[in-house]
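# Structural features, examined
Residue-level listing of the chains:
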Amino acid sequence: MSVSLSSVWKTYGEGPTAVHALAGVDAEIPSGEFTVILGPSGSGKTTMLNLIGGIDDVTSGDLLVEDLNLTGLSNDDRVAYRRSTVGFVFQFFNLIPTLTALENVELVANLTMGDGAGRAAEVLEHVGLADRLDHFPAMLSGGEQQRVAIARALAKSPPILLCDEPTGELDFETGRLILELLRKVNREENQTVLLVTHNAAIGDMADRVLRLRSGSIVEDRRNANPIEARELTW
Amino acid sequence: MTPLRHKLLRDIRAQRAQFIAVIVTIFLGVTLFAASYDSYQNLAASYESTFTEFRFANVTMAGGDVAGFAEIARQQPGVESVELRTVGDVPLQVGDLKLLGRVVGMPLDTQPAVNQLRITEGAYLTANEPGTALVEEHMADHFSLAPGGTFEVLSPSGWQTVTVGGVASSPEYIWPARDRQELITSPDNFGVAFVGESLAQEIVGTDRPTEAIVYYVDGEDDQALTELLLAEAAAGGATVSFARDDQPSNAALSEDLKGFEELAVFFPMLFLAAAAMATYVMIGRLVHAQRPQIGVLLANGFTRRQVLGHYLGYGVIPGLIGAIPGAVAGVVLARIITGFYTEMLSVPSTLIRFYPTTLLAGVVFGLVASVLAVISPALLASRIAPAEAMRGSAPAGGGRASILERIVPRLRRLPVPWRMALRGIERNPRRTLFTVLGVVLSLTLVLVSWGMLDTIVNLMDKQFVQIQQEDATVHFAGPVGTGDVLALEEIPGVAAAESVLQSPVVLVGDDRYESLLTTFDSGTAMHRFFGEDGKELPLPDDGLFLGNAMKDILGVEEGDAVQLSVSGYTTEARVAGFINEPLGTAAYASRDYVEAVVGTALPATSALIRYDEGAVVGDVRAELVDLEGVAAFEDANALYDTAQKFMIFFYVFVGVMLLFGGAMAFALIFSAMSVNIAERTREVATLLAVGTERRQISRMITAENMMVALFGIPLGLGFGYLAAKQAMASFESDLFAFDLYIRPSTFVISALAILVVALLSQWPGLRAIGHLDIAKIVKERSL
C-alpha cells in the first residue's frame, strides 16, 4: 500500500507554547518500499510514524493510505484501519509480560481471524522462534523479544509495517539480525516498511531515506543499490 | 481462553497478595451482610410464625372494666377472638428461693383463643387436675422444674403448693420481661406460671378477670382498630394497655431485630467501601503501569470497548471470588445464628429458611462494589491516546516542595530522606487520600463495635452501681406500715431499710403514657437521680421526677402539671424535673409529696435493703425470707450478674469486629503501601544503585506511610465517634436510653492498634525492596 503525505502539520499545544512536531510535510511512499526515516531526537520521526499508523491525528493537511484519507477519520474507522492495515514494532518491544510469546502474537492474530493460535505459531516460526513459543518475555533475550514483537506485527499480515527504533535497545549483532528479518519480510510479503531510527548507517539498507529536522523533511534520497542488512556496520 | 483473559488472570496472579486482601475484604463484607440479613429475616419470620401459630394478642388491656373492653372488642369487625383472663404478680417460692413471679389464668382442657402455649414437656391443663401449673420454659430451665415437681405460690389464704403439670413456652414471654419498665429480668427475680383461670383468681385474690386480650382476623395488623381499642381502654380506666408492638417481650425482641438489621447494613457497607477503595487504588496503579500495553492494544486495532471490558475484569473477578463464597458462608452462618438464638430464647416456632434473594443480593453487592471501583481506571485505560501511551509514563507527581515545607521553610533543612518522605505524601494525593480513608474506615469499624460495648458496660454500671443503691428488695405479702420496714434494720447484717411503694400509673399530658410510679422515702439513700446534664439531683418534695423520654411523649416541661391516675385515683401532679436513666422511663416521687397530694399516709409494698459491710449475704437473705409477711426477695446483684454473663457475647462480638477491623485496615493499608512502593520501584532502584542503604530507603518509606496513617487517626477517631453515636441512636426508645459512652482508653488503644496494623502492613512491601533486582528493573523498563 502506498502512503501519501500532503502539507501535513502536527502541532502540540496552543498559542505561544505550541510545538510543531511536523511542519507541512510532503512525501509519497510507494507500495512495497522499505523507507528509513532518519533524524535527531525531536525531529518528528515518531510523530510521522504515529500519524501514518493512525494512532495520532494530523492537525492539518492530508494523509492518504492508498485511497483512504486518515485526516478526520472517525474513531471506529481508525480502529478498523489499524486492525487491517498497519503493524507496529516498537523500540521497547512493548510485549505483555504476563503472556507467552505465542499468546502475545495470538492476541493480535485473533483480531483478524477467529482462532489466531495457528497463525501466531506460523509467524513465530517465520521469525525463528519456533522453539520459544511458550516462553514469557522475561525468559527471552532482547533480540528474541523484538522478534516476537515483529511476529506480532506480522500476525495480521498488514500491508504496512511501522517500526520505531526497532534496534534501539539491541546490541549491534542482534540489531543487524532484526534488520535482516525486517528486510526479509518486506521482500517476501511485499509490505511497505517505514523504519524510524536515529542511526544513519541503517539508511544504507533502505530503498529510500527521508531525513527530518525540526518537523520538516530536509533530505529525500533513493538508494540505487541498497546493501544487505548483514553488511551494515555502526 | 483468549490471550487477553490469560493476561487478566496472570496479572491477578502476579499481584495475588493485593488481590487476596481485596477478596478477603469483599468476602467479609458479603458474609456479614448475608449472615445478619438472613438472621434478621429468619428471626422476624420465626417471631411472625410464632405470633400466628400461637395467636399472639394484637391488643392487651388490663385494669378498669376489662369485661366492658372485651365486649367492645367483640363487636368490632376485624376482631376474631377475645379472651378474659386473670394475670397477677405474686410471690413464688421455688426451693429456698422466693421471687416475685407471675401467674396467668388459662382455660382448662382447651387452649385459649388468644396467646396459646406450646407445651414442651408434660400436658396441657385439665379439669381433672385443676391445681397443676404449666411453668414457663425459662423458669423451668433455671430451676430444673419438670412435670411432677412442685413450687409454692402465695395466695391471700397463704402459701400453697402447686404441682408442675408441664413446661410451656409462650409468645408473650419469648423474652421474659415483667413489663415495659422492667425489660431486663433474672430468672431469680421473675418467672411465669400458667394455671387454671379459677386458681389464678384465687391466687391473685380477685373474683373477676383482670385482663382482656384481643386477636384480630388472621392476626393481621389493623392500626385503626388498635387505636380505637386503646382509646376505649384509656377512657375506661385501663392502667396497662398496649398493642402487639409494645408488648414487653415483643418490644425487647424488636430492639434485638433492629440490631441485626443495623448489622446487615452498616458493617457490610464499611467492608465493601474498603474493598472498593483498595481495588480502586490497585487497579488505578495497574492501568498506570500498563499504559504502554494499552497503547499496543489500541495501536493494533483493539476497540476502546474491548480495553474497557478487559480492565473491568479486574473488578469482576475478585468481586465474584469474594462475593460468591461470602454469600454462601453468610447464608450458612445465618442458619447457625438463628438456630442458636431461637434455642437460647426458646422461641416456640423457629423458621430457618433459604432466601435466594439474600444470596443473590450478597453476590450483587460484592460485585457492584468491586466493579464500581474499577470503572474509573478502566475508563481511563480505554480513553488513553495510543500515541501518548506509547511514549511511556512520566513519574507520578510534580517535583516541588511539600506544603509543610512551604509553610515551615525550616523543614527544608531536614535531611534529604525526610524531605523525600514529606514530598512523597503529596506526590499522589489520591493514594494518600485513600490511605487516610482506609485508616478512617478501619477506626470507624473498631470504634462502633467497641463503643457499643463501652456504652453497654457504662449503662449497666450507671443503672446498677450509680443509680440503684440497694443490695436487695424485699416484697411484702400485703401493704405494710413504714414502721414494719424500719424494723427490718434490727436484723443482723441489715444496715438500712427504706419503704417503697410501687404502683402502675397512667400519666396524661398532651398524650398518655403508662408507667410505674415508685415512691421513695424523702432523702432516699437507695436510689440516686441524675438530670439530663448528668448532675445528681435530690428527690423533690414538690413534684414528680419523670424519665426523660416522657418529656416528648407527654409534651410537658419542668413545672407543668400532668394528670396522674394510680390505683383508680386520679389527681394532678407537678413535674419537678426530668431524669436520665438508661433502663425504662419511670416516674418517681417522695413519700411526703404523694402523701400530701392524696391526703393520707401511704403503706409500703416493698423495702429496699442495704447490707452491713462484711455481712454474710446468704444468712441475711435467709433471715429476711423467713420473716412473716415477706413474700419475695430480690437480689439486686443477681440481675447485674446475669447481665454481666451476657456481656461475654458482646466481648466476643467486639473481639471479632476488632479482628475484622484489623483485617480491613491491613487490606487497605497494605494495598495503598504496595502501590506506593510499586510506583517508585525505579527510583528506589536508582537510590540503591547510587549506594543508599536498603534500610535507609525502608525507613524513608515507612516514615511517609506512617505520617499519612497518623493524619488519618484523628479523623478516624472523630468519624468513628459520630458513626457510633448514630448506631446507638438507632436503638434509642423509651425502653432504653443508649447514651454513647466511649472510654478514653478505647480511643487510645484503637488508634494504637490501627497504627500497629499500618506498620505491619508495610512489611511485605519493604521486604520486596530488600529483594529488588536492580538489573532486572532496568530490563523491565521496556516491558
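In the block above lies the structure referred to throughout.
Summary of the structure given here. (Residues numbered from 1 in each chain as written. Chains lettered and ligands numbered in written order. Predicted model: local features only at pLDDT ≥ 70, side-chain atom pairs only at ≥ 80, totals over all residues.)

## Considering the overall build of chain B
The helix and strand tally for chain B stands at 24 helices and 22 strands. Along the first, second and third principal axes, the C-alpha atoms of chain B reach 100 × 55 × 45 Å. Per-residue burial for chain B yields a buried fraction of 50% across its 783 residues. Partitioning the contacts of chain B with sequence separation of at least 6, the portion at a separation of at least 24 is 84%. (Helix = DSSP H or I, 4+ residues; strand = E, 2+ residues; numbered from the N terminus. Buried ≥ 20, exposed ≤ 12 C-beta atoms within 10 Å, placed from the backbone. Contact = placed C-beta atoms within 7 Å.)

## Quick look at the sheet that holds strand β5 (residues 68-69) of chain A
Residue and element names in this part refer to chain A. One open sheet accounts for four strands, arranged β2-β1-β4-β5; its pairing is antiparallel. Whereas interior strands pair on both sides, the edge strands pair on one side only; in this sheet they are β2 (19-29) and β5. Strand direction decides the pairing type here: strand β1 (residues 3-12) and strand β4 (residues 60-65), joined by five bridges, are antiparallel. In the sheet register, Ser6 faces β4, and the bridge partner there is Asp62. (Pairing = 2+ DSSP bridges.)

## Quick notes on the nonpolar core
Within the largest apolar cluster, 309 residues are counted, with the highest numbers of intra-cluster contacts made by Val105 of chain A together with Val214 and Ala274 of chain B. It is helix α7 (residues 248-289) of chain B that provides the largest number of residues to this core, a total of 22 residues. (Core = buried A, V, L, I, M, F, W, Y, C linked by C-beta atoms within 7 Å.)

## Section: the packing of α7 of chain B against helix α10 (residues 356-383) of chain B
All names here are of chain B. The contact between α7 and α10 brings their axes to 8 Å, and the two run at 25°. One way to sum up the angle between α7 and α10 is to call them roughly parallel. Two packed elements cross with a definite hand, and for α7 against α10 that hand is right-handed. Together, Pro268, Leu272, Ala275, Ala276, Thr279, Tyr280, Ile283, Gly284 and Val287 of α7 and Phe365, Gly366, Ala369, Ser370, Leu372, Ala373, Val374, Ser376, Pro377, Leu380 and Ala381 of α10 make up the contact between the two elements. For the contact of α7 with α10, the per-class residue count stands at 15 nonpolar, five polar and no charged. (Axes fitted to C-alpha atoms, helices over the stretch in contact; angles between N-to-C directions. Parallel < 35°, antiparallel > 145°, perpendicular 65-115°, else oblique. Left-handed = near helix turned anticlockwise from the far one by under 90°. Nonpolar A, V, L, I, M, F, W, Y, C, P; charged D, E, K, R; others polar.)

## Focus: the interface of chain A and chain B
Contacts between the two partners involve 25 residues from chain A and, on the opposite side, 22 residues from chain B. Those elements that place two or more of their residues in the side of chain A that touches chain B are α1 (45-53), α2 (75-85) and α3 (101-112) of chain A. When residues in the side of chain A that touches chain B are grouped by element, the largest group, six residues, is from α3 of chain A.

## Let's talk about the environment of Leu411 of chain B
All names here are of chain B. Within the secondary structure layout, Leu411 lies in the loop between α12 (403-407) and α13 (416-427). Each C-alpha atom, one on Leu411 and one on Ala401, is 9.8 Å from the other, the two residues being 10 residues apart in sequence. Ignoring anything within four residues of it in the chain, the contact list for Leu411 reads Leu404, Glu405 and Leu422.

## Description of helix α9 (residues 304-345) of chain B
Residue and element names in this part refer to chain B. The terminal C-alpha atoms of α9 lie 58 Å apart, and with 42 residues this matches the ideal 62 Å at 1.5 Å per residue to within 8%. If you look at α9, its biggest bend is around 30°, right at Gly313. One or two steps after α9, the chain reaches Ser346, where phi turns positive at roughly 55°. (Expected span 1.5 Å × (residues − 1). Bend = angle between axes of the 7 residues up to and from the residue.)

## Concerning the sheet that holds strand β10 (residues 211-216) of chain B
Residues and elements named next belong to chain B. Across the sheet, four strands lie side by side as β2-β10-β1-β11; this open sheet has antiparallel pairing. This sheet does not close on itself; its edge strands, each paired only once, are β2 (79-85) and β11 (240-243). The average angle at which neighbouring strand axes cross in this sheet is 10°, direction not considered. For β2 and β10, the ladder comprises six bridges, and the chain directions are antiparallel. Bridged to Ser81 within β10 is Tyr215. Contacts between helix α3 (residues 66-74) and the sheet are confined to β1 (59-62), β2 and β10, with β2 contributing the most and set at about 170° to the helix.

## Some details on unusual backbone geometry
Notably, Ser7 of chain A is not glycine yet its phi reads approximately 50°, a positive angle. Its place among the elements puts Ser7 of chain A in strand β1.

## A word on helix α4 (residues 117-126) of chain A
All names here are of chain A. Among the residues making up α4, those that are buried are Arg119, Ala120, Val123 and Leu124. Viewed end-on, α4 has its buried residues packed into an arc of 135°, placing them on one side of the element. Residues of α4 that are buried in the fold lie against α3 and α5 (142-154). One or two steps after α4, the chain reaches Gly128, where phi turns positive at roughly 85°. (Arc of directions from axis to C-beta.)

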